[in-house]
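Commentary on secondary and tertiary structure
Chain by chain, the residues:
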Amino acid sequence: MRTLIVLVVGLQAVGCGKTEQPVNTDEDKTQKQTPAKELTAEEKKVVGAYEEESTGFNYKIVFLENGLAETYLDGRKVDDGTKWSIVNGEIYLGALDDADGGNAIGVYRINKDRSITNVAMIRPNGRREDLRKVNHHPLKKIK
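Let me begin by describing the structure that accompanies this report.

What counts, and where the lines are drawn
Residues numbered from 1 in each chain as written. Predicted model: local features only at pLDDT ≥ 70, side-chain atom pairs only at ≥ 80, totals over all residues. Heavy atoms only, no water. Helix = DSSP H or I, 4+ residues; strand = E, 2+ residues; numbered from the N terminus. Buried < 20%, exposed > 50% of the residue type's maximum accessible area, 1.4 Å probe, protein only. Contact = heavy atoms within 4.5 Å. Core = buried A, V, L, I, M, F, W, Y, C linked by side-chain atoms within 4.5 Å. Salt bridge = Lys/Arg side-chain N within 4 Å of Asp/Glu carboxyl O. Polar contact = N/O pair within 3.5 Å; in protein donor to acceptor, adjacent residues only side chain to side chain.

Describing the overall build of the protein chain
Scanning the protein chain for helices and strands turns up four helices and nine strands. For the protein chain, the sequential pattern of α-helices and β-strands runs α-α-α-β-β-β-β-β-α-β-β-β-β. A burial count over the protein chain gives 42% of its 143 residues as buried. Looking at the protein chain alone, contacts between residues at least 24 apart form 41% of all its contacts between residues at least 6 apart.

Structural data, given as structure tokens:
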């Protein structure tokens, strides 16, 4: 249960707890389809879907080629449009400029088997908080 709470809090921290959905315009759709930047070779290896089921529910993150990520909980999309990048060999889910707006950044370690593990959060004040190892659950790449 503690893992579920940490995961849900983490989802909310990276902007998944939004209660208002903005109206999508054609401009919004174009921005989501257009790459924000050219991905590095390391970032291209990360692109794809990752999921974790060991906590009794299905949690999935899809890292898109346009530098955005979608998050799903039990098959229901709970967030889209969150920026991601690789910083010092770790995946940052949520951009540093988002932290200025009050959103934390999820930090994922890229494991040797190409799975990823949420290992830390960067709070809006810029402070990194490492998660306890008991809360580390790898997400396996599924496609």
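Let's talk about the nonpolar core
Ranked by size, the top nonpolar core spans 19 residues in total, and within it Val46, Ile61, Phe63, Trp84, Ile91, Tyr108 and Ile116 carry the most contacts. Counting residues per element, the ones that place at least two in this core are strand S2 (59-63), strand S3 (68-73), strand S4 (76-87), strand S5 (90-93) and strand S6 (105-110). Ile116 has contacts with Tyr50, Phe63, Ile91, Tyr108, Arg109, Ile110, Asn111, His137, Pro138 and Leu139, leaving out every residue within four places of it along the chain. Counting six residues, the second largest nonpolar core, distinct from the first, contains Tyr92, Ile105, Val119 and Ile122.

Side note on the pattern of salt bridges
One side chain can pair with another of opposite charge once the charged atoms of both are near each other. Counted under the stated rule, the structure contains six salt bridges. The partner of Glu38 in a salt bridge is Lys44, with the nearest N and O atoms 3.6 Å apart. According to the relative accessible area criterion, Lys44 is partly exposed, its value standing at 49%. For the salt bridge of Glu129 with Arg127, the shortest nitrogen-to-oxygen distance reads 3.5 Å. By relative accessible area, Glu129 is classed as partly exposed at 26%. The exposed category is assigned to Arg127, whose relative accessible area is 51%.

Regarding the environment of Tyr92
Mapping Tyr92 onto the fold places it in strand S5. Judged by relative accessible area, which is 9%, Tyr92 ranks as buried. The spacing of Tyr92 and Asn118 is 26 residues in sequence and 9.7 Å in space, taken between C-alpha atoms. Dropping the residues within four chain positions of it, Tyr92 is found in contact with Lys83, Trp84, Ser85, Val87, Ile105, Gly106, Val107, Ile122 and Arg128.

So, the side chain of Asn118
For Asn118, the position within the fold is in strand S7 (residues 116-122). Owing to a relative accessible area of 15%, Asn118 belongs among the buried residues under this scheme. A distance of 2.9 Å separates a polar atom in the side chain of Asn118 from the backbone oxygen of Val107. Setting aside anything within four residues of it in sequence, one finds Asn118 in contact with Gly106, Val107, Tyr108, Leu131 and His136.

What about unusual backbone geometry?
Notably, Asp74 is not glycine yet its phi reads approximately 50 degrees, a positive angle. Relative to the helices and strands, Asp74 resides in the loop between S3 and S4. Judged by relative accessible area, Asp74 falls into the exposed class, the value being 54%. Despite not being glycine, Asn88 shows a phi value in the positive range, around 50 degrees.

Purely geometric numbers; function is a separate question.
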